[in-house]
Amino acid sequence: MLVAPSASADTPIIWYQAVGRPSADAPCPTTSSDDATAGWTEWTGSWEEWANDGKGGPVCTRSITWAYEASGDGGGYPSAGCVLLQTYPYPTAWINFNGGWSLPAFADAWASAPCSGAPFSYTLYDNVYAPNGLSQAVALCQEAFGVSGTNNWSEDVYGCVNAP
């Protein structure tokens, strides 16, 4: 018998899984009913730097929230699902953080919530979900992507860029 420590409802502990695919048009695996019952999200197309022998390329990703951990200080990391990325004067776009707080460049974008069906585009920047504003966004961009500059796309979404 395995015993896991008790968990609280503060910070989700999420495992991410990604597999390479031969092209951006190649289909992602189908989520089995057993995986869906266990809590895995549907496979979705994305892009990762490690693919294609470190040159970057298309992948399929999914995640599972398997526990919640107390942050100790009441802070923790933010988490989001499908959130608004941008509106006019750009095409309205939504992105899915899948319960996390960061998304790499070239992540899928949808024309509407709830980020389902076929994506219509992709992001051009690394992004973070920072509901507490600019200072949180700067810290999260630094932690996730090693850059400290940000562009504010929507109320809680920031693009991570190299500071000028």
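Note that this is a predicted model, so its numbers are computed, not measured. (Residues numbered from 1 in each chain as written. Predicted model: local features only at pLDDT ≥ 70, side-chain atom pairs only at ≥ 80, totals over all residues. Heavy atoms only, no water.)

## Observations regarding the pattern of salt bridges
Selection criterion: Any carboxyl oxygen of Asp or Glu that lies within 4 Å of a side-chain nitrogen of Lys or Arg is treated as forming a salt bridge with it. Helix and strand definitions here come from DSSP, where helices need a minimum of 4 consecutive H or I residues and strands a minimum of 2 consecutive E residues; each element is numbered from the N-terminal end. Note on exposure labels: buried denotes an accessible area under 20% of the residue type's maximum, exposed denotes more than 50%, and partly exposed covers the range between, all computed with a 1.4 Å probe on protein chains only.
Counted according to the given criterion, the structure contains 1 salt bridge. Arg62 is the salt-bridge partner of Asp35, the closest N and O atoms lying 2.8 Å from each other. Here Arg62 lies in strand β3 (residues 57-69) and Asp35 lies in helix α1 (residues 33-38), a separation of 27 residues in the sequence. Judged by relative accessible area, Asp35 falls into the partly exposed class, the value being 24%. Note on Arg62: relative accessible area 9%, which makes it buried.

## Overview of the nonpolar core
Stated precisely, the cut-off is as follows: Among buried residues, those of type Ala, Val, Leu, Ile, Met, Phe, Trp, Tyr and Cys that are joined through side-chain atoms within 4.5 Å constitute a nonpolar core. Between two residues, a contact is recorded if the distance between any of their heavy atoms is within 4.5 Å.
With 11 residues, the main nonpolar core is built from Ala80, Val83, Leu85, Ala93, Ile95, Phe97, Leu103, Ala107, Ala109, Tyr129 and Val157. Elements with a minimum of two residues in this core: β4 (82-86) and β5 (93-96). Sequence-distant contacts of Val83, that is, excluding residues within four places in its chain, are made with Ala93, Trp94, Ile95, Phe97, Tyr129 and Val157. If you look at the next biggest cluster of nonpolar residues, it comprises 9 residues, including Ala130, Cys141, Val147 and Tyr158.

## Examining the packing of aromatic side chains
Selection rule: Here is the rule: rings of Phe, Tyr and Trp (six-membered ring for Trp) pair when centre to centre is within 6.5 Å. Planes less than 30 degrees apart are stacked, more than 60 are edge-to-face, and the remainder are tilted. A positively charged side chain is recorded as over a ring if its NZ (Lys) or CZ (Arg) lies within 6 Å of the ring centre. The angle to the ring normal must also be within 35 degrees.
Taken as a whole, this structure holds 5 aromatic pairs when the rule is applied. Both rings, one in Phe97 and one in Tyr129, keep their centres 6.0 Å apart while their planes meet at 50°; by these two values the pair is tilted. Here Phe97 is found in the loop between β5 and β6 (102-103), whereas its partner Tyr129 is found in strand β9 (residues 126-129), with 32 residues between them in sequence. By relative accessible area, Phe97 is classed as buried at 1%. Of the residues examined, Tyr129 reaches a relative accessible area of 13% and is grouped as buried. Taking 5.5 Å as the distance between ring centres and 40° as the angle between the ring planes, the aromatic pair formed by Phe106 and Tyr122 counts as tilted. Placement of Phe106 in the loop between β6 and β7 (108-109) and of Tyr122 in strand β8 (residues 121-122) is noted, with a sequence separation of 16 residues between them. Taking the relative accessible area as the measure of exposure, Tyr122 reaches 44% and is therefore partly exposed. The rings of Trp47, Phe106 and Tyr122 are connected pair by pair, giving a single aromatic cluster. Seen from the ring of Trp40, Arg62 lies directly overhead, with NZ or CZ sitting 4.1 Å from the centre.

## Some details on the pairing of β4
Heads up, the condition is: A pair of strands is treated as paired once DSSP finds two or more bridges between them.
Bridge analysis of β4 against β5 gives 4 bridges, and the strand direction is antiparallel. Note that in β5 the partner of Leu84 across the bridge is Trp94. Counted along the chain from β4 to the antiparallel partner β5, the turn is 6 residues long.

## Side note on the confidence of the model for the protein chain
Put simply, the rule is: Within a predicted model, pLDDT stands for the predictor's per-residue confidence, ranging from 0 to 100.
The predicted model of the protein chain averages 82 in pLDDT, with 84% of residues at 70 or higher. The model gives residues 1-9 a pLDDT under 50, and that stretch makes 5 contacts with residues more than four places away or in other chains. Confidence over residues 70-74 falls short of pLDDT 50; this stretch has 5 contacts with residues more than four positions distant or in other chains.

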